[in-house]
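Coordinate analysis (summary)
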Amino acid sequence: MTTDPAPDLTGKLTFEGDQGAGRSKWIAIFLTLALVGWMGSGFVIPDDPADPVAEDSAPRAISVAVIDSAAADVELVLTAEGQSTPDRSTRIPAEATGQVVSVLVDRGDLVEAGQELGRVDAETFEAQATQAQTQLEQAERDYANARALQERGIATDDRVSQSRAALAAAEAAVTAAQELLDNTIIRAPFAGRLNDFTLDVGEFVSAGEIVAEILDNDPLTIVLQVPQQALSRIQEGQSADVAFITGEIRQGTVGFIGSNADSETRTFRVEVNIDNPDSVMPAGLSTRIALPTGTARGHFISPAILSLGPTGELGVKTIVEGNKVAFSPISIVRAQTDGVWITGLPEQAQIITVGQGFVNAGDVVDPRPAEATKTAEAKP
């Protein structure tokens, strides 16, 4: 049985003449156009004006943290920097020329008024004093004899006058010689502490040469400069607290208020006196003085709350009726390490503590208690 081979149909199979052969092309084109039209529909179809998303995009009031503050009495204190100075000080010169023969004190000793500090050789001055005294005695005898002879009518008035003049000259010579003798003793002019003392036995000193310096530190005087606007708040006899740079704190009283302002600083010199037995506190220490000057009603706040107004004035921002922001100019009446006392606010005030830099006077805000704001920020 013979099988016929399959016919060769290569190049003879075609669909161009089949019905519906181009339909797939039109379907693909239609689907492509439909997809492009759907993707671009968002740019052509307007959004619904009543869309809730648009309503949520309206601006909201800024949230700020506030505290309720009540005014309280605060003691007004004027503080100033000062320096301790001795009540009296002087430099002691030698009043006689000669060799030092004795020294009775040392530098740093406390001395009494009139106490002998040292002595210069007085041999020459003693001889001069003896001579003057002898001449005085002779002049006294001559004057007595002249008076006796005058009474008997033998001596003339001129002789009596001459003897009287000689007597006066002799008395003056004795006084001068005694003064020179006294000058050989170097004494303290007032009670105090020897801040410097240069005398040594055997050395030679000249009249006028400075040999010692004495300071009277009891009472100790604190000198400060007070601004002219604060001068009316200070009175003599007023108490003051003085803190020394060494850490000690002493009580004092105002002893002097200057009557003439410094020409450069326009400040007035004020002195505070402090009892200083035995001159324990030295002069020259830096101090800080606090002078209570009365009381005022104020609010205690942190300096970080302070703001500047439109024209640069210092103030704080508060919340008023309708949750509106108000700017109130203030004055600082007392500064402390933990805050400041201010005046210029009503008795009760809602003070903005956080967010004051982002709002202006007249803005409506969403005030929240400061503690609640801190709690919310602390939550993860």
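For every chain, the first residue of the written sequence is number 1, and numbering continues from 1 onward in sequence order. The predicted nature of this model means local features are confined to residues of pLDDT at least 70 and side-chain atom pairs, given and counted, to a pLDDT of 80 or more, with totals for whole chains, interfaces and linings taken over all residues. Heavy atoms from the whole structure form the basis of all side-chain values; hydrogens and water molecules are not counted.

For helices the rule is a DSSP run of H or I covering at least 4 residues; for strands it is a run of E covering at least 2, with both sets numbered from the N terminus onward. Broken down by element type, the protein carries 6 helices and 22 strands. By the burial criterion, 32% of the 380 residues in the protein qualify as buried. Contact definition: two residues touch when any of their heavy atoms are within 4.5 Å. Long-range pairs, those at least 24 residues apart, make up 72% of the contacts in the protein with a sequence separation of at least 6. For the protein, the exposed area adds up to about 24400 Å²; of that, 53% sits on carbon and sulfur atoms. Throughout, exposure labels follow a simple rule: accessible area from a 1.4 Å probe, protein chains only, divided by the maximum for the residue type, with under 20% read as buried, over 50% as exposed, and the rest as partly exposed. Reported accessibility uses the Shrake-Rupley method at a 1.4 Å probe radius. Residues are deemed covered only where the shown protein chains occlude them.

For the rest of this paragraph, the subject is the sheet that holds strand 10 (residues 210-216). A pair of strands counts as paired when DSSP detects no fewer than two bridges linking them. Spatially, the 4 strands line up as an open sheet ordered 3-10-8-5, and their pairing is antiparallel. Either end of the sheet is taken by a strand with one partner, and the two such strands are strand 3 (88-93) and strand 5 (110-111). Bridge count for strand 3 against strand 10 is 6 bridges, and the pairing is antiparallel. Each bridged residue has a counterpart across the sheet, and for Thr 90 the counterpart in strand 10 is Ile 214.

Now for the packing of aromatic side chains. For this analysis, a ring pair means two rings from Phe, Tyr or Trp (six-membered ring only for Trp) whose centres lie within 6.5 Å, classed as stacked if their planes differ by under 30 degrees, edge-to-face if by over 60, and tilted for the remaining angles. Counting across every chain of the model gives 1 aromatic pair. With centroids separated by 5.2 Å and ring planes inclined at 50°, the aromatic side chains of Phe 300 and Trp 341 adopt a geometry described as tilted. Of this pair, Phe 300 sits in strand 15 (residues 286-301) while Trp 341 is found in strand 20 (residues 339-343), placing the two residues 41 residues apart along the sequence. On the accessibility criterion, Trp 341 (16% relative accessible area) is buried.

Here we come to the pattern of salt bridges. Criterion for a salt bridge: a side-chain nitrogen of Lys or Arg within 4 Å of a carboxyl oxygen of Asp or Glu. Throughout the structure, instances matching the rule amount to 9 salt bridges. As a salt-bridge pair, Asp 196 and Arg 107 come within 3.7 Å of each other at their nearest N and O atoms. With a gap of 89 residues between them, Asp 196 in strand 8 (residues 192-197) and Arg 107 in the loop between strand 4 (98-103) and strand 5 connect regions that are remote in the sequence. Owing to a relative accessible area of 58%, Arg 107 belongs among the exposed residues under this scheme. Linking Arg 119 and Glu 116 is a salt bridge whose minimum nitrogen-to-oxygen distance equals 3.0 Å. Judged by its relative accessible area of 19%, Glu 116 falls in the buried class. Where salt bridges share partners, they join Asp 73, Arg 297 and Glu 347 into one cluster.

This paragraph deals with the pairing of strand 8. Consecutive side chains along a regular strand alternate between the two faces of the sheet. With 2 bridges joining them, strand 5 and strand 8 adopt antiparallel strand pairing. From the neighbouring strand, Val 111 faces strand 8, where its bridge partner is Gly 192.

Put simply, a nonpolar core is a bunch of buried Ala, Val, Leu, Ile, Met, Phe, Trp, Tyr and Cys residues held in one set by side-chain atoms that sit within 4.5 Å of each other. With 23 residues, the main nonpolar core has Ile 222, Leu 224, Phe 244, Val 272, Ile 289 and Leu 291 as its most contacted residues. Elements supplying a minimum of two residues to this core: strand 2 (72-85), strand 11 (220-227), strand 12 (239-244), strand 13 (249-257), strand 14 (267-274) and strand 15. Setting aside chain neighbours within four positions, we find Leu 291 in contact with Leu 76, Val 77, Leu 78, Leu 224, Ile 234, Gln 238, Ser 239, Ala 240 and Val 254. Core analysis: the next-biggest nonpolar cluster, separate from the first, contains 17 residues, Val 100, Val 111, Leu 199 and Val 205 among them.

A few words now on unusual backbone geometry. With an omega of 5°, the peptide bond between Asp 218 and Pro 219 qualifies as cis. Inspection of the secondary structure puts Pro 219 in the loop between strand 10 and strand 11. Even without glycine at this site, Ser 279 takes up a positive phi of about 55°. Along the chain, Ser 279 falls in the loop between strand 14 and strand 15.

What follows covers the sheet that holds strand 7 (residues 185-187). The 4 strands are arranged 7-6-4-9 in an open sheet whose pairing can be described as antiparallel. Each having just a single partner strand, strand 7 and strand 9 (204-205) make up the two edges of the open sheet. In terms of strand pairing, strand 4 meets strand 9 through 2 bridges, oriented antiparallel. Residue Gln 99 lies in a different strand from strand 9, and its bridge partner there is Phe 204.

Low pLDDT means the predicted atomic positions in that stretch should not be read closely. A score from 0 to 100, pLDDT tells how confident the predictor is in each residue. For the protein, per-residue confidence averages 84 on the pLDDT scale, and residues scoring 70 or more make up 83% of the total. Note that pLDDT drops below 50 for residues 372-380; the model gives that stretch 2 contacts with residues more than four away or on any other chain.

This paragraph deals with helix 5 (residues 157-182). Between the first and last residue of a helix there are one fewer steps than residues, each counted as 1.5 Å, and that sum is the expected span. End to end, helix 5 covers 38 Å across 26 residues, agreeing with the expected 38 Å (1.5 Å per residue, within 8%). Every buried residue of helix 5 is accounted for by Val 160, Ser 163, Leu 167, Ala 170, Val 174, Ala 177 and Leu 181. Contacts made by the buried residues of helix 5 are with helix 4 (123-151) and strand 7.

A word on helix 4. With 29 residues, helix 4 extends 43 Å from end C-alpha to end C-alpha; this agrees with the ideal 42 Å at 1.5 Å per step. Gly 153 lies just past helix 4 and shows a positive phi near 85°.

For Lys 317, the position within the fold is in strand 17 (residues 314-320). Charge counting follows a simple rule: Lys and Arg are positive, Asp and Glu are negative, and His as well as the terminal groups are ignored. It turns out Lys 317 is buried and unbridged, and the closest side chain with the opposite charge, Asp 363, is 7.5 Å from it. Throughout this description, a polar contact denotes any pair of N or O atoms lying within 3.5 Å of each other; where both atoms belong to protein, one of them has to be capable of donating a hydrogen while the other can accept it, and for residues adjacent in sequence the pair is counted only when both atoms sit in side chains. Within polar-contact distance, the side chain of Lys 317 engages the backbone oxygen of Val 359 at 2.7 Å. With sequence-adjacent residues up to four places away left out, Lys 317 is seen in contact with Ser 307, Val 325, Ala 326, Phe 327, Gln 350, Ile 351, Ile 352, Gln 356, Val 359 and Asn 360.

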